[in-house]
Amino acid sequence: MADSNPLLSEINSAESEPQVLHHKHPPSLDSRIELFIGDFGWAQFLQAFLVSFSWFFDAQQTFITVFTDAQPTWRCTQLNDPHNSCNSASNVCQLPQNSWAWDQPRHTSTISEWALECSPSLVQGMPTSAFFLGCLIGGLALATLADTSLGRKNMLFLTCLVMSLSTFLTAFSFNIWIYSILRFITGFGRATIGTSALVLSTELVGRRFRGQVGVIGFFCFTLGFLCLPAIAYTQRAHSWRTLYFWTSIPTFFYCILVHFLVRESPRWLFVQGRKEEAIATLKHIAPINVTTTKTPLTSSFFSNLSFEQETRNVDLYSAINVLVKRRWAFRRLSAVMAIGFGVGMVYYGMPLALGSLDFNLYLSVTFNGLSEIPASLITLFFIDKVNRKTSLLVFTSLSGVCSVMSVLKGIHPIWTTIQIVFELVSFFSACSAFGVLLIFTIELFPTCVRNSAVSLVRQAVVLGGVFSPMLAAAGRVNGGFLSYGVFGVVVGVFGLFVVCLPETSGRGICDTMDEEEYKQRDSCCLYNAAAGDV
């Protein structure tokens, strides 16, 4: 009698006909997993959403210093004194202490509480730079742990926990040096949150919905970004420490949920040789009609694959060694990291440089956060319909042009509005390029090194952010040329590296380096054969 379950029939058909249909192309791990769990189900959605929600807390810690370290406004206190030279254009560092006062209480900002208003811009920007430096070092130090010993889930749990605890301790800082050290630790812990969440969520679904699931994290990041100015506005009369307190507590409870509810990536478990755990995870997230069939899912279901798991080196950084030694992998990694550096300079630099614009800080940050929504929507609805290379080239070029245009000055007052529009378009384009770049990177590298590759790309993005605070501070002096001007040139030039990469739209992901090379050689042979026919 014919099997009433179409998915089971497809599995049995794939198992019984490998000699006829796939004698040159044995089934891959990717195809086996998709046959059992399908493209996308409710269990996969809940897992992906819970994992992706870590981006919400990541966004808050990334941009929190925009408010906690803001330059407060001040006023003159002795307006009727004829010997007083205080006015709105005065430099507070050249005025007597009793001739001016802060508009808000001193504890609302680190600048006013620790009397840093006359300190060099390097000191004022030290906490932000320390955070990005921590992200950079943490990303490099922790890059391969999710691919080797810890796995995606444990890496996500530990990094969120470190970020939560260090953020809570930051609220008790008593000087700029302790504050900067704790911001460094926060950045170090936060470094691989987005990478682990993105890779884990996309490895739980089929290729058809991989791009859309990856965008869930971007939406959560946007939501966290948008909540930050709202929280800061409600706490504007309170100490800057309350922002760190109220953003650390929810993160701690989120860590508990991750520990008990999130499942490890079955692809990573299989590549590590832990087949029984991989099978248990697949049974947990598979549709009910599959798990209740009479044919059980066993290790034999994953036999006769095109490529078995990689021969693993005990060295922690074996994944990076593999990426560097294989010429095609190193070429891809270099190109996506170069693009990431340019995108990161704009993505992190734009919000930090908003203080140089003649616009309300809370509104400008909110508008930048809102611009991430259409960027995420575009990525969500069009990621499976457009080429990765073309999208990246268009977004990086548009971001570069608009960033440079935002530096232009005009006599007419409307130029102020035009500058803000150019800034928003540039930031929107950088957000879109960031999302496409991460999805592109996931598709370019196999499972055995995917987390390491994505982590290195994100560190390149963070490296661009390390230079952003200094450029933003310098841009306040010369009208934005050393901030928005440099941002635009860098993202436009580095975006051209996309021409060195292969297109991955509509292609399944691989699990081993050998499988990726085999697929690359196969596609080259097909291309050459087609060219010969022409």
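Rules used in this analysis
- Residues numbered from 1 in each chain as written.
- Predicted model: local features only at pLDDT ≥ 70, side-chain atom pairs only at ≥ 80, totals over all residues.
- Heavy atoms only, no water.
- UniProt positions renumbered as here; feature names shortened; annotations may be inferred.
- Helix = DSSP H or I, 4+ residues; strand = E, 2+ residues; numbered from the N terminus.
- Contact = heavy atoms within 4.5 Å.
- Areas by Shrake-Rupley, 256 points an atom, 1.4 Å probe, with all protein chains shown as cover.
- Buried < 20%, exposed > 50% of the residue type's maximum accessible area, 1.4 Å probe, protein only.
- Expected span 1.5 Å × (residues − 1).
- pLDDT = per-residue confidence, 0-100.
- Axes fitted to C-alpha atoms, helices over the stretch in contact; angles between N-to-C directions.
- Parallel < 35°, antiparallel > 145°, perpendicular 65-115°, else oblique.
- Left-handed = near helix turned anticlockwise from the far one by under 90°.
- Nonpolar A, V, L, I, M, F, W, Y, C, P; charged D, E, K, R; others polar.
- Patch = residues over 30% accessible without salt bridge, like charges linked within 9 Å, V, L, I, M, F, W, Y side chains within 5 Å.
- Salt bridge = Lys/Arg side-chain N within 4 Å of Asp/Glu carboxyl O.
- Phe/Tyr/Trp six-rings, centres within 6.5 Å; stacked < 30°, edge-to-face > 60°.
- Lys NZ or Arg CZ within 6 Å of the ring centre and 35° of its normal.

- Identification of the protein chain as Major facilitator superfamily (MFS) profile domain-containing protein from Prunus armeniaca is taken from an unreviewed UniProt entry.
- Listed under Subcellular location (unreviewed entry) in UniProt, the entry text for the protein chain is "Membrane".

## Thoughts on the overall build of the protein chain
(1) Moving on: What the protein chain contains, in helices and strands, is 25 helices and two strands.
(2) Moving on: Once local pairs closer than 6 in sequence are excluded, the contacts in the protein chain between residues at least 24 apart make up 84%.
(3) Moving on: With an accessible surface of roughly 22,900 Å², the protein chain has 66% of that area assigned to carbon and sulfur atoms.

## Some remarks on the environment of Leu 261
(1) Moving on: Position of Leu 261 among the secondary structure elements: in helix 14 (residues 241–261).
(2) Moving on: When its relative accessible area of 47% is taken as the criterion, Leu 261 is described as partly exposed.
(3) Moving on: Sequence separation of Leu 261 and Val 51 is 210 residues, and the distance between their C-alpha atoms is 9.6 Å.
(4) Moving on: Non-local contacts of Leu 261, meaning those with residues more than four positions away in its chain, are made with Gln 47 and Leu 50.

## Re helix 10 (residues 151–170)
(1) Moving on: With 20 residues, helix 10 should cover 28 Å at 1.5 Å per step; its first-to-last C-alpha distance of 28 Å lies within 8% of that length.
(2) Moving on: Among all positions in helix 10, only Gly 151, Arg 152, Lys 153, Met 155, Leu 156, Thr 159, Cys 160, Met 163, Ser 164, Ser 166, Thr 167 and Thr 170 are buried.

## Regarding the environment of Thr 148
(1) Moving on: Positionally, Thr 148 belongs in the loop between helix 9 (126–142) and helix 10.
(2) Moving on: On the basis of relative accessible area, Thr 148 is assigned to the buried category, the value being 18%.
(3) Moving on: For the pair Thr 148 and Ser 318, spaced 170 residues apart in sequence, the C-alpha to C-alpha distance is 8.5 Å.

## With respect to the confidence of the model for the protein chain
(1) Moving on: In the predicted model, the protein chain carries a mean pLDDT of 79, and the fraction of residues at 70 or more is 78%.
(2) Moving on: Within the model, pLDDT remains below 50 along residues 526–531, and this stretch shows zero contacts once partners closer than five positions in the same chain are excluded.

## Section: the packing of helix 13 (residues 210–234) against helix 20 (residues 361–382)
(1) Moving on: Look at helix 13 against helix 20: their axes get within 9 Å of each other, and the N-to-C directions meet at 170 degrees. Classified by the angle between their axes, helix 13 and helix 20 sit roughly antiparallel to one another. Crossing angle aside, the handedness with which helix 13 passes helix 20 is left-handed. Between helix 13, through Gln 212, Val 215, Phe 218, Phe 219, Phe 221, Thr 222, Phe 225, Leu 226, Pro 229, Ala 232 and Tyr 233, and helix 20, the contact on the second element is made entirely by Tyr 362, Val 365, Thr 366, Asn 368, Gly 369, Leu 370, Glu 372, Ile 373, Ser 376, Leu 377, Thr 379 and Leu 380.
(2) Moving on: Classifying every residue of the contact of helix 13 with helix 20 gives 15 nonpolar, seven polar and one charged.

## Things to note about a nonpolar patch on the surface
(1) Moving on: A surface patch of nonpolar side chains, about 700 Å² in accessible area, is lined by Leu 165, Phe 252, Phe 253, Ile 256, Leu 257, Phe 260 and Leu 261.
(2) Moving on: By residue number, the principal contributor to the nonpolar patch is helix 14, which donates six residues.
(3) Moving on: With respect to the helices and strands, the residue Phe 252 is situated in helix 14.

## Quick look at the pattern of salt bridges
(1) Moving on: Per the stated rule, a full pass over the model turns up eleven salt bridges.
(2) Moving on: One salt bridge in this structure joins Arg 152 and Glu 203, with 2.9 Å as the shortest N-O distance. Here Arg 152, found in helix 10, pairs with Glu 203, found in the loop between helix 12 (193–202) and helix 13; they are 51 residues apart in sequence, far enough to count as distant.
(3) Moving on: On the accessibility criterion, Arg 152 (0% relative accessible area) is buried.
(4) Moving on: Assessed through its relative accessible area of 1%, Glu 203 is described here as buried.
(5) Moving on: Linking Glu 516 and Arg 332 is a salt bridge whose minimum nitrogen-to-oxygen distance equals 3.1 Å. Taken together, the residues span a long stretch of sequence, with Glu 516 in helix 25 (residues 513–533) and Arg 332 in helix 19 (residues 327–352) at a distance of 184 residues. With respect to burial, Glu 516 and Arg 332 carry one shared label: buried.

## Points about the packing of aromatic side chains
One pair of aromatic rings is described through two measures. These are the centre distance and the angle between the planes.
(1) Moving on: This structure, assessed with the given rule, holds 35 aromatic pairs.
(2) Moving on: Aromatic side chains Tyr 484 and Phe 487 sit 6.2 Å apart centroid to centroid with 85 degrees between the ring planes, which places their arrangement in the edge-to-face category. Linking Tyr 484 with Phe 487, this pair stays in helix 24 (residues 481–494), spanning three residues, or about one helical turn.
(3) Moving on: The class for Phe 487 is buried, based on a relative accessible area of 0%.
(4) Moving on: Ring-pair connections join several aromatic residues into one group, and the members of that group are Trp 55, Phe 63, Phe 131, Phe 132, Phe 218, Phe 221, Phe 225, Tyr 347, Tyr 348, Phe 427 and Phe 434.
(5) Moving on: Across from the ring centre of Tyr 233, 3.9 Å away, lies the NZ or CZ of Arg 236, which sits over that ring.

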